[in-house]
Amino acid sequence: MPELPEVETVVQELKARLTGKTITGVEADFLSCLETPPENYRRAVCGRRIHEIFRRGKYICFELDQGPVFTVHLRMTGKLLFQLPEGERKHLRLSWCFADGSGLHFLDVRKFGRVRLWPGRSALLPKLGPEPLDPQTIVTALTSGGKRAVKALLLDQHVLAGIGNIYADESLFLSGIHPSQPIDRLSRARCRKLANSVVGILQSAIANMGTTLSDYRTTRNENGRHGDFLQAYGRTGLPCLHCGTPLQRAVIASRSSHFCPRCQKIR
DNA sequence: AACAGCACCTGTAGGC
DNA sequence: TGCCTACAGGTGCTGT
């Protein structure tokens, strides 16, 4: 389940390895992963040099010379790998070939991942909210959230771009806020605490190259190490690391939510 | 406006 | 062992 830290890890590796390379071919094994007609996509990218690779929310963005950008969204089970592992050929959806003979492979068990072409950087992903990497941006985004549950806001990519279920639960646990807490009844101080938790969690997960629970891998097919540090997500029934109360699981904002019923009360 | 439900998919875990 | 079902969750859509 790649969220901001996982995508950031992938982008840093792609940047180091692929910037400046020229795309010579695209081989699609699963045409539906292209949201742009295949011929248009090929025409736009083949023969072009990769100018810059960057991240926006959970999107991986490849900016090519002369303007066009294509985005890759990994959704739940997508991976970008420099080498295609034997035995995973079954899940290969798309490959890019480069002028130096190297390649990049997009694998995706569940076929949810998508590749899309955009005319340029200025028109990219217009509905996406701001990056949740500085506390003031987060406070501002959350405080315009009406009466909604705080977890619904954290997960809404139009409000903040990049947070998914794992880091939403971790941030709420760290700041002692119940996922169902209505945002308009959250004090300014607790909102700031949440914002600081979000930034801290995301930065620490980036430093650990993300969280591998099942499918996520780096471009070198390595696991992220942040799974060892999760304090709430996936710990249903295990003791809270602050007070020892067994953690609970409930469906909130249509997602499984993991929280401590004692440390995270609605106030 | 906010939210629920569903579709998209497949692998895995659990029950029987 | 094997069959069946529920479940995992990011995004975008429809309906209420």
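Our structure is the block above this text.
Residues numbered from 1 in each chain as written. Chains lettered and ligands numbered in written order. Predicted model: local features only at pLDDT ≥ 70, side-chain atom pairs only at ≥ 80, totals over all residues.

Trainee: Help me understand the overall build of chain A in this model?
Mentor: Tallying secondary structure elements over chain A gives six helices and 10 strands in all. What you see for chain A is a C-alpha radius of gyration of 20 Å, in line with the 18 Å of a compact globule of 267 residues. Considered along the principal axes of its C-alpha atoms, chain A spans approximately 60 × 40 × 30 Å. Put simply, chain A has 267 residues, and 39% of those count as buried. (Helix = DSSP H or I, 4+ residues; strand = E, 2+ residues; numbered from the N terminus. Rg over C-alpha atoms; globule rule 2.2 N^0.38 Å. Buried ≥ 20, exposed ≤ 12 C-beta atoms within 10 Å, placed from the backbone.)

Trainee: Just checking my understanding: could you explain the protein's contact with DNA strand C for this structure?
Mentor: Every one of the 15 residues lining DNA strand C counts as a neighbour, but M1, K58, G164, N165 and S256 are closest to it. Among the residues forming the surface near DNA strand C, the class breakdown is four nonpolar, six polar and five charged. (Near = placed C-beta within 6 Å. Nonpolar A, V, L, I, M, F, W, Y, C, P; charged D, E, K, R; others polar.)

Trainee: Quick question: what am I supposed to make of helix 3 (residues 135-143) here?
Mentor: Because the α-helix completes a turn every 3.6 residues, residues three or four places apart line up on one side. Among the residues of helix 3, those classed as buried are I138, A141 and L142. Burial along helix 3 is one-sided: seen end-on, the buried residues are contained in an arc of 95°. Residues of helix 3 that are buried sit in contact with helix 4 (150-155) and helix 6 (188-207). (Arc of directions from axis to C-beta. Contact = placed C-beta atoms within 7 Å.)

Trainee: Is there a simple way to think about the sheet that holds strand 4 (residues 69-73) in this case?
Mentor: Working definition: the strands of a sheet are paired by backbone hydrogen bonds and lie parallel or antiparallel to each other. With antiparallel pairing, four strands are arranged side by side in an open sheet as 2-3-4-8. Each edge of the open sheet carries a strand with a single partner, namely strand 2 (50-56) and strand 8 (114-118). Within this sheet the neighbouring strands show an average axis-to-axis angle of 20°, counted without direction. In this fold helix 1 (residues 4-18) packs onto strand 2 and strand 3 (59-64), with an angle of close to 170° to the strand it touches most, strand 2. (Pairing = 2+ DSSP bridges. Axes fitted to C-alpha atoms, helices over the stretch in contact; angles between N-to-C directions.)

Trainee: Explanation requested: the protein's contact with DNA strand B in the structure shown.
Mentor: Taken together, S32, V109, R110, K111, F112, G146, R148, A149, A152, A253 and S254 form the complete shell of residues around DNA strand B. The residue inventory of the surface near DNA strand B, partitioned by class, reads five nonpolar, three polar and three charged.

Trainee: How do you make sense of the pairing of strand 2 when you look at a structure like this?
Mentor: It is a general feature of regular strands that their side chains alternate between the two faces of the sheet. Sheet analysis places strand 2 next to strand 3, joined by six bridges and oriented antiparallel. The residue bridging I53 from the neighbouring strand is F62, located in strand 3. Connecting strand 2 to the antiparallel partner strand 3 that follows it, the hairpin turn spans two residues, and G57 within it adopts a positive phi of roughly 60°.

Trainee: Just checking my understanding: could you explain the environment of L154 for this structure?
Mentor: With respect to the helices and strands, L154 occurs in helix 4. Once the C-alpha coordinates of L154 and G200 are considered, the two residues, 46 residues apart in sequence, prove to be 15 Å apart. If near-sequence neighbours (up to four positions away) are discounted, L154 is found in contact with L160, I163, A168 and S171.

Trainee: Is there a simple way to think about the sheet that holds strand 5 (residues 78-81) in this case?
Mentor: A sheet is described by the order of its strands in space; here four strands give the open sequence 1-6-7-5, paired in antiparallel fashion. Each end of this open sheet is capped by a strand with a single partner; those strands are strand 1 (23-28) and strand 5. On average, each strand axis in the sheet is tilted by 15° relative to the strand beside it, whichever way the strands run. Where strand 1 meets strand 6 (residues 92-98), five bridges bridge the pair, whose relative direction is antiparallel. By the bridge assignment, G25 is partnered in strand 6 with C97.

Trainee: Quick question: what am I supposed to make of the packing of helix 1 against helix 6 here?
Mentor: Any two packed helices are characterised by the angle at which their axes cross and by the distance between the axes. Helix 6 packs onto helix 1 with a crossing angle of 40° between their chain directions and a minimal axis gap of 8 Å. Regarding the angle of helix 1 to helix 6, the classification is oblique. Where helix 1 crosses over helix 6, the handedness of that crossing is right-handed. Taking contact as the criterion, the partners of L4, P5, E8 and T9 in helix 1 are, on helix 6, L202, A205 and I206. Here the residues of the contact of helix 1 with helix 6 are counted per class, giving five nonpolar, one polar and one charged. (Parallel < 35°, antiparallel > 145°, perpendicular 65-115°, else oblique. Left-handed = near helix turned anticlockwise from the far one by under 90°.)

Trainee: Explain unusual backbone geometry to me, please; I cannot follow it from the model alone.
Mentor: A negative phi holds for most residues other than glycine; trans holds for most peptide bonds. Despite not being glycine, R75 shows a phi value in the positive range, around 45°. Following the sequence through the fold, R75 ends up in the loop between strand 4 and strand 5. Its 16 C-beta neighbours within 10 Å are what place R75 among the partly exposed residues. Its identity as a non-glycine residue notwithstanding, M209 has a phi of 60°, on the positive side. Mapped onto the elements of the fold, M209 is located in the loop between helix 6 and strand 9 (248-252). We classify M209 as buried; it has 22 C-beta atoms within 10 Å.

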